[in-house]
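# Descriptive analysis of the structure
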Amino acid sequence: MTGTEIYKRTAAYDREARDIRLLAPHWKVLLAFDGQRTLAEVALSAETSFAEALPLTQKFLDQSWIEETPITLDQYMKRIGARDIAGTGASVPPAVVLHDPKKDVPVPATPAPAAPAPSMPVPPKPVAVTPPGIVPPPLPIAPPPPVKPPEAVTPEKGATSKSSRTPMKLSAVVDFITSLVGNISLGQLLVYRVFLRVPPELLLAEDIASVHLANDTSLVKGEKLQKAIGDAIEAVTKRTLPDSVFAAA
Amino acid sequence: MPLHEQDIYYFIDVTLTHLNKITGNEIVLRDPTIEFQSLVFSAYTGLLHLKGGAEGFVYITASQQFLNFLYNFRQSRGKASEEDCREVISDITNTVAQQVHKRFGSTLKISEPRIFSTVPDDPIEMPPAVFVQPIVWRKEHAYIVLGLASAETT
């Protein structure tokens, strides 16, 4: 461990949390692992010395309460303050992690309302209402991020330049958009802004009622929807979709 | 003045900060989703309408048990009644409203909090997409839901 690793709490932690017994300062460290801060930053925020945080972190890893979180090239370079790959000291571009296979338990397609308590007269249910016919005005121009991921160095001419018969992986689209911002939470909101511009009727026509911002398994097959997503990304981020968002033939 | 992602995230961040303050940083985030068809409502909901710099709404909706835990966290007070649950969710919503007003001032108009149980009395217009951030505390769920009328946030 060097202190630059980023860890997040796991599903195992969530299951066992109520039974875990730790000293209060150790809880502070454990709860500071948020999948965004480095180990060194976690130690700092938990007011624990790095030397003390190391064995604690190892203990949490051994218990499977935390796991290391991969980050994108953009996020890495932003963290180290490099403006391009040369600034990282790497002779070849490091791999970009677009997909973390070891995510927590996936969230259901439509977040299920919590189970009603016995005293609740009516179980809470999601309410569906018709989207309004709002025509979005032109988008504000988002300032370009300082570093382009490798896929965006030689962008495709249009989002659907690859054969429109090739399905588009929604998870890869989400990962691409998120990678444009050096912060996962902000990246997810950028994804949201993109999808605010995609006509919901096109999504629903392909049975896509929701997008999971981690490990979405949906494939976009329709040319219209692929184009709408590509156009929305261009409008919001001024970037074009890379070929890598399309599933292999 | 356009609201950037950081500004939009503030709605979520301020809610999480408040809940973490109450729970001693025990709130766990689940992976968010973007919903196109339906809104999610749990047992009790506190909703704020937004106008101005951003048009839409933000709300927190939580199970009765989630609110019961919050109600009893500082001191054991027994099972929270419906009125207690409304008070807890109202307190969270008011705090969010105050913090958001403090940050955005007159550029963003925030409605009075709407507190309701199960589903809203008056229908809420479904925006093109809503951002749903699930949170877990003591195995109980709550959701922070953000619905903007469009990607344009000016």
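Residues numbered from 1 in each chain as written. Chains lettered and ligands numbered in written order. Predicted model: local features only at pLDDT ≥ 70, side-chain atom pairs only at ≥ 80, totals over all residues.

A separate point is the overall build of chain A. The helix and strand inventory of chain A stands at 10 helices and 7 strands. When burial is assessed residue by residue, chain A has 38% of its 249 residues classed as buried. (Helix = DSSP H or I, 4+ residues; strand = E, 2+ residues; numbered from the N terminus. Buried ≥ 20, exposed ≤ 12 C-beta atoms within 10 Å, placed from the backbone.)

Residues and elements named next belong to chain A. Here 3 strands make up an open sheet; going across it, the order is E2-E1-E3 and the pairing antiparallel. Both outer strands of the open sheet, strand E2 (34–38) and strand E3 (66–68), are each paired with one neighbouring strand and no more. Each neighbouring strand pair of the sheet contributes to a mean axis angle of 30 degrees, computed without reference to strand direction. Both strand E1 (residues 6–9) and E2 contribute to a ladder of 2 bridges, which runs antiparallel. Note that in E2 the partner of isoleucine 6 across the bridge is threonine 38. (Pairing = 2+ DSSP bridges. Axes fitted to C-alpha atoms, helices over the stretch in contact; angles between N-to-C directions.)

Attention shifts here to the environment of A:Ala214. Along the chain, the position of A:Ala214 falls in the loop between strand E6 (210–212) and strand E7 (219–220). Spatially, the C-alpha atoms of A:Ala214 and A:Gln188 are 9.6 Å apart, while their sequence positions differ by 26 residues.

All names here are of chain B. A large share of strand E8 (residues 130–137) lies buried, amounting to 7 of its 8 residues. Alignment of strand E1 (residues 28–29) against E8, held across 2 bridges, turns out to be antiparallel. Opposite leucine 29, over in E8, you have isoleucine 135 as the bridge partner. By the bridge criterion, 3 bridges tie strand E2 (residues 33–35) to E8 in an arrangement that is antiparallel. Within E8, the residue paired with isoleucine 34 across the bridge is phenylalanine 131. Pairing analysis gives 8 bridges linking E8 to strand E9 (residues 140–148), with the strands arranged antiparallel. Pairing of glutamine 133 across the sheet is with isoleucine 144, part of E9.

In this section: the nonpolar core. Residues A:Val173, A:Ile177, A:Val191, A:Phe195, B:Leu67, B:Val145 and B:Leu146 are the most contacted members of the largest nonpolar core, which totals 79 residues. Every residue in contact with A:Val191, bar those within four places of it in the chain, is listed here: A:Val174, A:Ile177, A:Thr178, A:Leu213 and B:Ile34. Listed in part, the 18 residues of the second largest apolar core include A:Tyr7, A:Phe33, A:Phe60 and A:Ile71. (Core = buried A, V, L, I, M, F, W, Y, C linked by C-beta atoms within 7 Å. Contact = placed C-beta atoms within 7 Å.)

Right, let's get into the pairing of strand E4 (residues 44–52) of chain B. Residue and element names in this part refer to chain B. Judged from the 7 bridges that link them, E4 and strand E5 (residues 56–62) form a sheet pairing that is antiparallel. Within E5, the position partnered with leucine 50 by the bridge is glycine 56. What sits between the antiparallel neighbours E4 and E5 is a turn of 3 residues. When E4 meets strand E7 (residues 114–117), the two strands line up antiparallel, connected through 4 bridges. Pairing of glycine 46 across the sheet is with isoleucine 115, part of E7.

A separate point is the packing of helix H2 (residues 64–73) of chain B against helix H3 (residues 82–104) of chain B. Each packed pair of helices is defined by two parameters, the angle between the axes and the distance between the axes. All names here are of chain B. Two numbers describe how H2 lies on H3: the axes approach to 9 Å, and their chain directions differ by 80 degrees. With respect to their mutual orientation, H2 and H3 come out roughly perpendicular. Of H3, the residues touching H2 (which contributes Gln64, Leu67, Leu70 and Tyr71) are Asp84, Cys85, Val88 and Ile89. When the residues that make up the contact of H2 with H3 are grouped by side-chain class, the tally is 6 nonpolar, 1 polar and 1 charged. (Parallel < 35°, antiparallel > 145°, perpendicular 65-115°, else oblique. Nonpolar A, V, L, I, M, F, W, Y, C, P; charged D, E, K, R; others polar.)

This part takes up the confidence of the model for chain B. Low-pLDDT stretches of the model should not have their predicted coordinates read in fine detail. Residue and element names in this part refer to chain B. A residue-level look at chain B finds 95% of positions with pLDDT of 70 or above and a mean pLDDT of 90. Per-element confidence in chain B ranges from a low mean pLDDT of 90 for strand E3 (residues 38–39) to a high of 96 for E2. With a pTM of 0.62, the predicted complex shows an ipTM of 0.92. (pLDDT = per-residue confidence, 0-100.)

All names here are of chain A. Taking 1.5 Å of rise per residue, the 13 residues of helix H4 (residues 50–62) would be expected to cover 18 Å, and the 18 Å separating its terminal C-alpha atoms lies within 8% of that figure. Every buried residue of H4 is listed here: Ala53, Leu56, Thr57 and Phe60. Within H4, the buried residues cover an arc of 105 degrees as seen down the axis, which keeps them to one side. Relative to its buried face, H4 has exposed residues pointing more than 90 degrees away, namely Ala51, Pro55, Gln58 and Asp62. Positive backbone phi, at 65 degrees, marks serine 64, one or two positions downstream of H4. (Expected span 1.5 Å × (residues − 1). Arc of directions from axis to C-beta.)

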